[in-house]
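A closer look at the structure
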Protein chains: 2
Amino acid sequence: MNIGICGAGTVSGGLVRLLSKNEQLLEARIGKPINIVQIGSRNKPSQPEFEAFAFTDDVFEVAKNPSVDVLIELIGGTDDALALVRMALQAGKSVVTANKALIAQHGEELFQLAEQQGQQLVFEAAVAGSIPIIKVMRESLAGNEIGAVVGIINGTTNFILSQMSKPGSTVSFEQALAEAQELGYAEADPTFDVEGLDAAHKLTILSAIAFGTRLSFDAIYTQGIGEVQVEDIRFAGELGYRLRHLGITRIGPDGVELRVHPTLIDENEMLAQVDDVMNAVMVLSDAASQTLHCGPGAGAGPTASSVLSDLVDLCRGATIPAMGFLPGQAVDLPVLGIEQCRSHFYLRLRVADRSGVLSRITRILGDFDISIEALLQKDPVNDIATIVITTDQVVEETMNTAIQKLESSGDVLESVTLIRIFDFGE
Amino acid sequence: MNIGICGAGTVSGGLVRLLSKNEQLLEARIGKPINIVQIGSRNKPSQPEFEAFAFTDDVFEVAKNPSVDVLIELIGGTDDALALVRMALQAGKSVVTANKALIAQHGEELFQLAEQQGQQLVFEAAVAGSIPIIKVMRESLAGNEIGAVVGIINGTTNFILSQMSKPGSTVSFEQALAEAQELGYAEADPTFDVEGLDAAHKLTILSAIAFGTRLSFDAIYTQGIGEVQVEDIRFAGELGYRLRHLGITRIGPDGVELRVHPTLIDENEMLAQVDDVMNAVMVLSDAASQTLHCGPGAGAGPTASSVLSDLVDLCRGATIPAMGFLPGQAVDLPVLGIEQCRSHFYLRLRVADRSGVLSRITRILGDFDISIEALLQKDPVNDIATIVITTDQVVEETMNTAIQKLESSGDVLESVTLIRIFDFGE
C-alpha cells in the first residue's frame with residue numbers, strides 16, 4: 001500500500017519512525033509493505049527521519065499524486081485540511097486523519113463524499129490518542145445499545161486538575177497551567193484545551209457514533225476549567241468526590257445530553273484514578289455494561305499508533321461504516337440544552353454568619369424539591385461562613401432558579417459556586 | 001446471516017435476548033439480519049427465550065445443517081467442542097466460540113483447518129468477557145511491538161482477593177470463597193478458577209497474539225490463590241502494595257515469560273483499583289505505551305456482547321488473521337521457566353527473637369547480591385518475630401537459593417513466604 005503523508009510535525013515524525021522500526025512486524029501481520037511515496041508540508045521538515053522520502057511543499061500535490069493510494073492528513077486546522085481531504089477523496093484515495101475539528105465540523109459532508117467515491121475516511125487518532133475508542137464503539141460494542149459515553153478526553157486539563165488535586169495542594173489553576181506549559185503538556189496559547197473546545201470536538205464524534213445521530217458540534221455545551229478553585233476541590237474531596245474535566249454524552253427519552261465541563265465523580269470510580277495527561281473513556285451499554293479504556297491521549301507514539309491501526313485496517317480490507325451506522329441510518333436526535341440536563345450538584349455558598357441561616361437556605365432548596373445529600377459548614381472567617389451542599393439529581397433549570405432565589409435571599413453574600421456531579425449508577 | 005447456536009446455557013440465553021432486543025439497531029449497523037436457524041443442546045432448555053427457535057438435542061446436527069452459515073460454539077469443554085468445531089469448519093462454516101480452553105489447547109490445529117477451509121474461527125468472548133482485548137491487540141495495536149501483557153483475567157479470584165483486601169479485613173481465603181459461591185461468582189467446584197487454570201488458558205491466548213508465537217499452554221506457570229494469607233495482604237499494604245491474581249506475559253532477549261500467580265503491585269497502579277469481579281488487561285507496547293482495558297469479565301450480557309461483536313465482524317466481511325499474524329508467520333519462541341523470570345520479591349520470615357538476627361538475614365541476601373528495598377520488623381509474639389522484606393529485581397532461581405540458605409540458617413523458624421512483585425516501569 002502506497003501512502004502520502006501531509007504534515008511533517010510531531011505525529012508525522014512518530015508515524016515515519018514507527019513504520020520504519022516495525023516494518024517486518026507489520027509485514028508479518030498484514031502481508032504487504034506500507035510504502036511512504038511522498039511527504040507534503042508547507043515547511044520543509046528538519047527532522048532526519050523525513051530525509052529518505054520524496055518531499056513537496058504543496059500538500060495538494062500529494063492528493064493529486066497517482067501513486068498515492070491512501071492520504072494521511074496530519075496538517076490540522078479546518079481550512080486547508082478540508083480542501084485537502086475533499087481533493088484526495090475525489091481523486092479516489094482513502095484518507096486517514098487525526099483531525100478531530102475537521103471530523104466534528106465537516107464529517108457529514110466528507111463521509112458522504114467518501115461513500116460516493118467508494119473510499120474510506122477513517123479517524124481513530126482523532127479521539128483520545130492511543131485509545132481505540134472509535135473501533136471499540138463501531139465494532140466491539142456493535143451489538144449493544146449504548147446509553148452513555150463519559151470520558152477524560154483532554155490530557156492538558158486532566159494534568160492541570162491532577163496538579164490542583166494533589167493532597168494538600170494549594171496550586172492554583174494559573175500555576176498548574178504554567179507547569180503544564182513548561183512540561184510541554186499545554187500550548188503557549190492554551191485556550192483550545194483549557195476552554196474545552198478540543199474535548200468538545202472529540203465528544204461530538206463519540207456521541208454521533210454511540211447513538212447513530214448527526215455530528216452536533218453546534219449544539220454542544222462547553223465549559224472550561226479556568227474558573228476552578230482549589231478550595232472546591234478540597235471541600236468536594238472531604239465529601240468523597242474528585243474533580244475531572246469530563247465529556248458526557250447520554251441518551252434519554254427527550255434527547256441527547258452533550259456536554260463538556262468540570263465534573264465531580266465518586267473518588268472510587270475508575271475515572272477518578274486517571275491522573276496527569278492520561279485519557280480514559282467509559283462506555284455504558286446494555287449488554288457489555290461498563291467498559292473503560294485508558295491510555296495516553298496525545299503524543300507522537302500514541303497518535304501514530306492509532307493512525308497506523310487505521311492503515312492496517314485499510315490494508316486488510318475492512319469496510320466499517322464511518323460512524324458505525326450505515327449511510328442513511330443516522331437519525332437527527334435533539335440535543336438537550338444544559339438547562340434540561342439532570343445532575344446532582346455541588347454548591348458552595350458564602351453566607352452571613354447569623355442565626356437561622358442554614359434553615360433558611362435549606363428551606364429554599366426544599367421549596368424547589370431539591371433534596372440535600374450532604375452538607376459541610378465551615379467555621380466563619382470575618383463573620384462570613386462557607387456552606388457546601390451536595391444535592392440529589394435535579395434538572396439544571398430548577399437548580400438555577402433555586403440559586404437565583406438563594407442569591408437574592410439576603411443571607412448569601414456572593415454568587416453561588418455550582419459544580420455538576422455525575423453519578424455512574426443512574 | 002444464518003447462525004446456529006450450540007449450547008443453551010447462560011451465555012446462549014444472553015445472546016438470544018440481545019439479538020432480539022437490538023434487532024433494529026443491528027440492522028442499522030450491518031445492513032442485514034442475523035437469523036437464528038437452529039439451537040442445539042444435549043438438554044432441552046427451559047428458558048422461554050429459546051422457544052421460538054428450531055431445536056435439536058444433537059449439537060452435531062447444527063454443524064451439518066446446510067442453512068447454518070456460522071456456528072456459535074457455547075457448549076464448553078474440549079472433547080465434544082473440539083469435534084463440533086472441526087465438523088463445522090469442515091462443513092464450510094465459520095465458527096464463533098467463547099471457549100478459552102479449546103483455543104488455548106487446540107487453537108493451532110483449528111486455525112489451520114479454518115485457513116484450509118477459507119473460513120474464520122473467532123473467539124473475542126474467550127478472554128475477559130466484554131473487554132475487546134483480542135480485537136485491540138490484533139487490530140488497534142497492530143502497528144506496535146508489544147512488550148508485555150498484564151491482566152486481571154479471572155473475576156472469581158479478583159473478587160476473593162478484593163474481599164480479603166478490604167481495609168481492616170480479617171476474611172480468610174476460605175471465607176471469601178464461600179461468599180463468592182453464595183453470590184454466584186464461584187462454582188460449587190471452584191478449582192478451575194482459584195487454582196488459576198482459567199486465567200492460564202486466557203493468558204496463553206493473549207501471549208500468542210502479543211508476540212506472534214505459538215499457543216504454549218503446556219509451558220505456562222500457574223499458581224492459584226489458595227495459599228494467600230490475609231496477614232501478607234496487610235503487611236504488603238503497609239509498604240504501598242496491593243495483591244492481585246495476575247496473568248503476566250512479557251518478552252525478553254531469552255524468551256517469553258508466561259505466568260499466572262498472586263502478585264503485588266504498587267497501590268497507585270490502575271490495575272490496583274480494579275476490584276471485585278471486574279477484569280482488566282494492560283498492554284505495554286512501543287508506540288501506544290500503556291493502554292488499559294477494563295470491564296466485566298463474565299456473565300450473560302458481557303460475554304454475549306463479545307460473541308455478537310465477532311458475528312458483526314463476520315457480517316461486515318472483515319478477515320483478520322486469527323492470531324493477528326498471517327499463517328506461517330508465527331515463530332516458536334522459548335517460554336522461560338518461572339526460575340528464569342526476574343521479579344521484585346516480598347518475603348515474610350518468622351525468626352527467633354535474638355540479637356543479630358536481622359544482620360545475619362540481610363547478610364545472606366547480600367551474599368546473593370539481592371538488594372533490600374524495604375523492611376518491616378513486627379514485635380515478637382512468644383519470642384517469634386516477623387520480618388517482612390521487599391527486594392530489588394532478581395532472577396527467581398537466585399532468590400530460591402537465597403531462601404534455602406535462610407531457611408537452613410537456624411534463625412528462620414518456618415518456610416519463608418514469597419510473593420512476586422510486578423513493576424510496570426521495568
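Just so it is clear, the model here is predicted, and its values are computed rather than measured.

**Looking at the overall build of chain A**
Scanning chain A from N- to C-terminus turns up 14 helices and 17 strands. Seen through its principal axes, chain A has C-alpha atoms that stretch 80 × 45 × 35 Å. By residue count, 58% of the 426 residues in chain A fall in the buried class. For chain A, the share of sequence-separated contacts (at least 6 apart) that also reach a separation of at least 24 residues comes to 72%.

**Some words on the interface of chain A and chain B**
Contacts between the two partners involve 54 residues from chain A and, on the opposite side, 54 residues from chain B. Between chain A and chain B the total buried area reaches about 4,300 Å² when both faces are included, carbon and sulfur atoms providing 55% of it. Considering only the surface of chain A that becomes buried against chain B, A:R29, A:M270 and A:R316 emerge as the three largest contributors, covering 17% of it. On inspection of chain A and its partner chain B, the count reaches 6 salt bridges. The partner of B:E139 in a salt bridge is A:K135, and the shortest N-O contact between them spans 2.6 Å. Run the count over chain A and chain B and you get 25 residue pairs in polar contact (both at pLDDT 80 or more). Among the secondary structure elements, those contributing two or more residues to the side of chain A that touches chain B are α1 (10-21), α2 (23-30), α6 (133-140), β12 (289-296) and α12 (300-316) of chain A.

**Points about the packing of α1(A) against α12(A)**
All names here are of chain A. Their axes nearest at 8 Å, the elements α1 and α12 cross at an angle of 65 degrees. Judged by the angle between their axes, α1 and α12 are roughly perpendicular. Our pair here, α1 against α12, has a crossing hand that is right-handed. Listed contacts from α12 to T10, V11, G14, L15, R17, L18 and L19 of α1 are A300, T303, A304, S305, V307 and L308.

**With respect to the relation of the copies chain A and chain B**
Superposition of chain A onto chain B requires a rotation of 180 degrees combined with a translation of 0.0 Å along the rotation axis, giving an RMSD of 0.0 Å. Expressed as a symmetry operation, the mapping of one chain copy onto the other fits a two-fold axis. When the interface residues of chain A are mapped onto chain B, 100% of them again lie at the interface, so the same face is used by both copies.

**A look at the side chain of A:R420**
All names here are of chain A. With respect to the helices and strands, R420 occurs in strand β17 (residues 417-421). Side-chain polar atoms of R420 contact the side chain of Y221, separated by 3.1 Å. Among the polar contacts made by the side chain of R420, one reaches the side chain of E396 at a distance of 2.7 Å. Contact partners of R420, with chain neighbours within four places excluded, come to Y221, Q223, R259, H261, P262, T263, L264, I338, S343, H344, F345 and E396.

**Here's the deal with α2(A)**
Listed as buried for α2(A) are A:L26, A:A28, A:R29 and A:I30. Considering only its buried residues, α2(A) is in contact with α1 and α12 of chain A together with β7 (146-152) and α10 (197-211) of chain B. Just beyond α2(A), the residue with positive phi is A:G31, at close to 80 degrees.

**Quick look at the packing of helix α5 (residues 100-117) of chain B against α10(B)**
All names here are of chain B. Two elements in contact, α5 and α10, have axes separated by 8 Å at closest approach and are oriented at 55 degrees. When the axes of α5 and α10 are compared, the pair comes out oblique. In this structure, α5 meets α10 at a crossing whose hand is left-handed. Facing α5, whose interface residues are K100, A101, I103, A104 and Q105, α10 presents D198, H201, K202, T204 and I205. Looking at side-chain class alone, the contact of α5 with α10 contains 4 nonpolar, 3 polar and 3 charged residues.

**What to know about the side chain of B:T386**
Residue and element names in this part refer to chain B. The topology assignment puts T386 in strand β15 (residues 384-391). Overall, T386 belongs to the buried group, its relative accessible area being 9%. Among the polar contacts listed, one links the side chain of T386 to the side chain of R350, at a separation of 2.7 Å. With sequence-adjacent residues up to four places away left out, T386 is seen in contact with F235, R348, L349, R350, L376, Q377 and K378.

**A closer look at unusual backbone geometry**
Glycine aside, residues mostly have negative phi, and peptide bonds are mostly found in the trans state. One non-glycine residue, A:D369, lies in the positive phi region at around 60 degrees. Residue placement: A:D369 occurs in the loop between α13 (357-367) and β14 (372-381).

**Examining the sheet that holds strand β4 (residues 70-73) of chain B**
Residues and elements named next belong to chain B. If you trace the 6 strands from one edge of the open sheet to the other, you get β3-β2-β1-β4-β5-β6, paired in parallel fashion. Edge positions in the sheet fall to β3 (55-56) and β6 (121-122), since each of these pairs with one other strand and no more. As defined by bridge partners, strand β1 (residues 2-6) adjoins β4 across 4 bridges and the pair is classed as parallel. Within β4, the residue paired with C6 across the bridge is E73. Along the sheet, helix α12 (residues 300-316) contacts β1, β4, β5 (94-97) and β6; its crossing angle with β5, the most-contacted strand, is approximately 160 degrees.

**Focus: α1(A)**
Residues and elements named next belong to chain A. With 12 residues, α1 extends 16 Å from end C-alpha to end C-alpha; this agrees with the ideal 16 Å at 1.5 Å per step. All of the buried residues along α1 are S12, G13, G14, L15, V16, L18 and L19. Looking at the buried positions of α1, the neighbouring elements they touch are β1 (2-6), α2, β2 (35-40), β4 (70-73) and α12.

**Some thoughts on the sheet that holds β1(A)**
Residues and elements named next belong to chain A. Here we have 6 strands laid out as an open sheet, ordered β3-β2-β1-β4-β5-β6, and parallel in their pairing. The open sheet has two edge strands, β3 (55-56) and β6 (121-122), and neither has a second partner. Summarising the sheet, strand β5 (residues 94-97) and β6 pair through 2 bridges and their orientation is parallel. Across the sheet, V96 pairs through a bridge with V122, a residue of β6. The strands touched by α1 are β1, β2 and β4; relative to β1, the strand with the most contacts, the crossing angle is about 155 degrees.

**Some remarks on the confidence of the model for chain A**
Looking at chain A, the pLDDT average stands at 96 and 100% of residues meet or exceed 70. Among the prediction metrics, the complex's ipTM stands at 0.95, with pTM recorded as 0.96.

**Section: the pairing of strand β10 (residues 255-266) of chain B**
Residues and elements named next belong to chain B. Along β10, 11 of the 12 residues are buried, which leaves the element largely enclosed by surrounding structure. With 2 bridges connecting them, strand β8 (residues 221-222) and β10 associate as parallel partners. Residue pairing across strands places T222 opposite V260, the latter belonging to β10. Looking at chain direction, strand β9 (residues 241-252) and β10 are connected through 12 bridges and run antiparallel. Looking at β10, one finds that Y241 is bridged to D266. Counting the residues between successive antiparallel strands, the hairpin from β9 to β10 contains 2 residues.

Calculation rules
- Residues numbered from 1 in each chain as written.
- Chains lettered and ligands numbered in written order.
- Predicted model: local features only at pLDDT ≥ 70, side-chain atom pairs only at ≥ 80, totals over all residues.
- Heavy atoms only, no water.
- Helix = DSSP H or I, 4+ residues; strand = E, 2+ residues; numbered from the N terminus.
- Buried < 20%, exposed > 50% of the residue type's maximum accessible area, 1.4 Å probe, protein only.
- Contact = heavy atoms within 4.5 Å.
- Buried area = accessible area lost by both parts, 1.4 Å probe.
- Salt bridge = Lys/Arg side-chain N within 4 Å of Asp/Glu carboxyl O.
- Polar contact = N/O pair within 3.5 Å; in protein donor to acceptor, adjacent residues only side chain to side chain.
- Axes fitted to C-alpha atoms, helices over the stretch in contact; angles between N-to-C directions.
- Parallel < 35°, antiparallel > 145°, perpendicular 65-115°, else oblique.
- Left-handed = near helix turned anticlockwise from the far one by under 90°.
- Least-squares fit on C-alpha atoms with pLDDT ≥ 70 in both.
- Nonpolar A, V, L, I, M, F, W, Y, C, P; charged D, E, K, R; others polar.
- Pairing = 2+ DSSP bridges.
- Expected span 1.5 Å × (residues − 1).
- pLDDT = per-residue confidence, 0-100.

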